[in-house]
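Here is how the chains run, residue by residue.
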Amino acid sequence: MILNKSQIDAHNDKGLARHKKSFDYIAGELVDTEGVIKKLVDFQVAIPSWALGNGGTRFGRFSGGGEPATLEEKMEDIGLLHQLNRSSGAVSLHIPWDIPEDAKAIKSLAADFDLKFDAMNSNTFQDQKDQALSYKFGSMQHVDKAVRQQAIDHNIEVIKYGQELGSASLTVWLADGSCFPGQLNFRNAFNNTLESLQAVYAALPEDWKIFVEYKAFEPNFYSTTVGDWGQSLLYTSKLGDKAYTLVDLGHHLPNANIEQIVALLLNEKKLGGFHFNDSKYGDDDLTVGSIKPYQLFLIFRELVDGMDARGMNHATDLGWMIDASHNVKDPLEDLLQSVEAILLAYAQALLVDAKALSEAQQNNDVALAQEILQTAFRTDLRPLLAEARLRAGGALQPLQLYRDANVRKELINKRGAVTVATGL
Ligand SMILES: [Mn+2]
């Protein structure tokens, strides 16, 4: 379902007077309001094709109705999100859940919705129907060379799909590891995985990047073959200049200092992209910023600082993607909230007085350093985000308009109450 421009205009007209009051106030407080707005307008977050339906846990799954059943419907849902917030202008596709059978038609649909294709995602963490060999005991790490080759071939196939769509990066997340002590020879598993990744790397087009994502645990519970940023960095360093580490916020052990990890990866020119989500315990699927917004801000502060130090373009030099699953919320509402949280943390990070912070650090003025960070974090920048959306043609309050337009009800009428998105 796509909204009429008049629906967006009517919504904005209704909220304009109130918005203007709060925006004028904050604009008067800031040093470089226009500069921040420009950066917010440019910043786009890719929506994963697997996040548009309700996920579940191993205990159960509760469908919300009206889920997209085809890739075309998923594109339409992302198109709607982008219409509302003008910051969701990219899709991250999962193969084989969302194979573009007719790449030309999918590309043209993407153009209609003003969407680009961000990183492609391969899948060797589950067995597909008609698959010759099983990944039960791993894929790229597997003791059997034939299984490793099957995983390599799949990744190369994913690159080909991506090339047809204009993507320029591949994300590899491996579930490889072991559930029990003694199950796996760690060194062999590492070396097999490296050799497999090298075969995929050799097939990577000249202008492509490969992202190696790490995860501390799950589905394996004893060891994971790409278990942390150190292991990912080992692989990407050995692979070459087109290989980067991908940080998924939910893939760390509790209390990990993710902002420090990000700072060091950027320093080593090895940070490639992000998967945003939030977590409280051991999951990796909650709405971005719903549990630890201060941590998200601190991460963005390191991103902005590290990217500026290297003259990088905030909007285009790293891959920004959401990776989440929605168990109890409407997925589209959850995604609107996630994108808003990402942009809010980014805007707050842009607000940090970098010069003053650097001086405080030089002077070992710990209290002042904290004041500088928290002054930015505690400034309510939501009116600034709304202004950026307004100027880009989006809605002042995307979630409100989504509800006022009865989108979910319309989708259920059109698609049915019991559809299940592919891959879920
Ligand atoms: Mn991820």
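Up top is the structure these notes are about.
Just so you know, the residues in each chain are numbered from 1, in the order the chain's sequence is written. A pLDDT threshold of at least 70 governs which residues receive local features in this predicted model, and a stricter bar of 80 or more applies before side-chain atom pairs are shown or counted, although totals over entire chains, interfaces and linings include all residues.

**Quick look at the overall build of the protein**
Across its full length, the protein carries 15 helices and 13 strands. The C-alpha radius of gyration of the protein comes to 22 Å, within 12% of the 22 Å expected for a compact globule of 424 residues. Taken along its principal axes, the extent of the C-alpha atoms in the protein is 65 × 60 × 40 Å. Each residue is classified by how many other C-beta atoms fall within 10 Å of its C-beta atom, where C-beta atoms are placed from the backbone; a count of 20 or more means buried, 12 or fewer means exposed, and values in between mean partly exposed. With 424 residues in all, the protein has 46% of them scored as buried. Working definition: helices are DSSP H or I runs of at least four residues, strands are E runs of at least two. Numbering for both runs from the N terminus. Radius of gyration: C-alpha atoms only; globule rule: 2.2 Å multiplied by the number of residues to the exponent 0.38.

**Let's talk about the packing of helix α6 (residues 186–202) against helix α7 (residues 229–239)**
Orientation is described by axes fitted as lines to C-alpha atoms, over the contacting stretch for helices, and by angles from 0 to 180 degrees between their N-to-C directions. With their axes 10 Å apart at the nearest point, α6 and α7 run at an angle of 45° to one another. Taken together, the axes of α6 and α7 lie oblique to each other. In terms of crossing hand, the pair formed by α6 and α7 is right-handed. Between α6, through L194, L197, Q198 and Y201, and α7, the contact on the second element is made entirely by Y235, K238 and L239. A class-by-class count of the residues in the contact of α6 with α7 yields five nonpolar, one polar and one charged. Just so you know how the angles are binned, under 35 degrees is roughly parallel, over 145 roughly antiparallel, 65 to 115 roughly perpendicular, and the rest oblique. Take the far helix as your reference; a near helix turned counterclockwise from it by less than a right angle gives a left-handed crossing, and one turned clockwise gives a right-handed crossing. With C-beta atoms placed from the backbone, a contact is any residue pair whose C-beta atoms sit within 7 Å. When residue character is reported, Ala, Val, Leu, Ile, Met, Phe, Trp, Tyr, Cys and Pro are called nonpolar, Asp, Glu, Lys and Arg charged, and the others, Gly included, polar.

**Observations regarding helix α13 (residues 382–392)**
All buried positions along α13 are accounted for by L384, L385, A386, E387, A388, R389 and L390. Against α1 (5–29), α2 (33–42), α3 (71–85) and α10 (331–351) lie the buried residues of α13. Within two residues after α13, G393 carries a phi angle of roughly 95°, on the positive side.

**As for the pairing of strand β9 (residues 209–213)**
Burial analysis of β9 places five of its five residues in the buried class, which makes it a mostly covered element. Relative to strand β11 (residues 243–248), β9 is paired through four bridges, and the arrangement is parallel. Within β11, the residue paired with V212 across the bridge is T245. Should DSSP find at least two bridges between two strands, the strands are taken to pair.

**Some points on the environment of G55**
In this structure, G55 sits in the loop between β1 (46–48) and β2 (56–57). The partly exposed category is assigned to G55, around which 17 C-beta atoms lie within 10 Å. Here the alpha-carbon distance between G55 and A256, two residues 201 residues apart in the chain, equals 26 Å.

**Examining the nonpolar core**
In these notes, a nonpolar core means any group of buried Ala, Val, Leu, Ile, Met, Phe, Trp, Tyr and Cys residues linked to one another through C-beta atoms within 7 Å. Among the nonpolar cores identified, the biggest contains 109 residues, and V91 and A347 are the most heavily contacted of them. For this core, the leading source of residues is α10, giving 14 residues. Other than its neighbours up to four places away in sequence, V91 contacts A46, I47, S49, M75, I78, A110, L115, F117 and D118.

**Some details on helix α5 (residues 145–165)**
Residue count minus one, scaled by 1.5 Å, sets the expected span of a helix. Under the 1.5 Å per step criterion, the end-to-end length of α5 is 31 Å for 21 residues, consistent within 8% with the ideal 30 Å. Taken together, the buried positions of α5 are V147, R148, A151, I152, N155, V158, I159, Y161 and G162. Those residues of α5 that are buried are in contact with β5 (116–117), β6 (120–121), β7 (169–173) and α6. Once α5 finishes, G166 follows within two positions and takes phi at roughly 90°, a positive value.

**Describing the pairing of β11**
Here β11 lies mainly inside the structure; six of its six residues are buried. Because side chains alternate across β11, one face comprises the buried residues A243, T245 and V247, and the other comprises Y244, L246 and D248, equally buried. Where β11 lies against strand β12 (residues 271–276), four bridges are found, and the strand directions are parallel. Paired with D248 across the strands is H275, a residue of β12. Crossover β11 to β12 through helix α8 (residues 258–267) is right-handed. By convention, a crossover is right-handed whenever its connection, traced from the first strand over the helix to the second and viewed with the strands pointing away, goes clockwise.

**Observations concerning the packing of α3 against α10**
Interaxial distance between α3 and α10 falls to 11 Å at its minimum, and their mutual angle equals 45°. The angle between the axes of α3 and α10 places the two elements in the oblique class. Helix-helix and strand crossings are classified by hand; for α3 and α10 the assignment is right-handed. Each of D77, L81, L84 and N85 in α3 lies in contact with α10, whose residues at this interface are L332, L335, L336 and V339.

**Focus on the environment of L368**
Turning to its location among the elements, L368 is positioned in helix α12 (residues 366–377). In this structure L368 comes out as partly exposed when scored by C-beta crowding, with 15 C-beta atoms within 10 Å. Sequence separation between L368 and S232 is 136 residues, and the spatial gap between their C-alpha atoms is 35 Å.

**As for the environment of W229**
If you trace the backbone, W229 turns up in helix α7. The sequence separation of W229 and L71 amounts to 158 residues, and the corresponding C-alpha distance is 32 Å. Ignoring sequence-local partners within four residues, the contact set of W229 consists of Y214, T245, I261 and L265.

**Looking at unusual backbone geometry**
The omega torsion of the bond from I95 to P96 falls at 15°, within 30 degrees of zero and hence cis. Position of P96 relative to the elements: it lies in the loop between β4 (90–92) and α4 (103–112). Here the amide bond leading from E218 into P219 is cis, since omega sits at 10°, within 30 degrees of zero. Along the polypeptide, P219 turns up in the loop between β9 and β10 (223–224).

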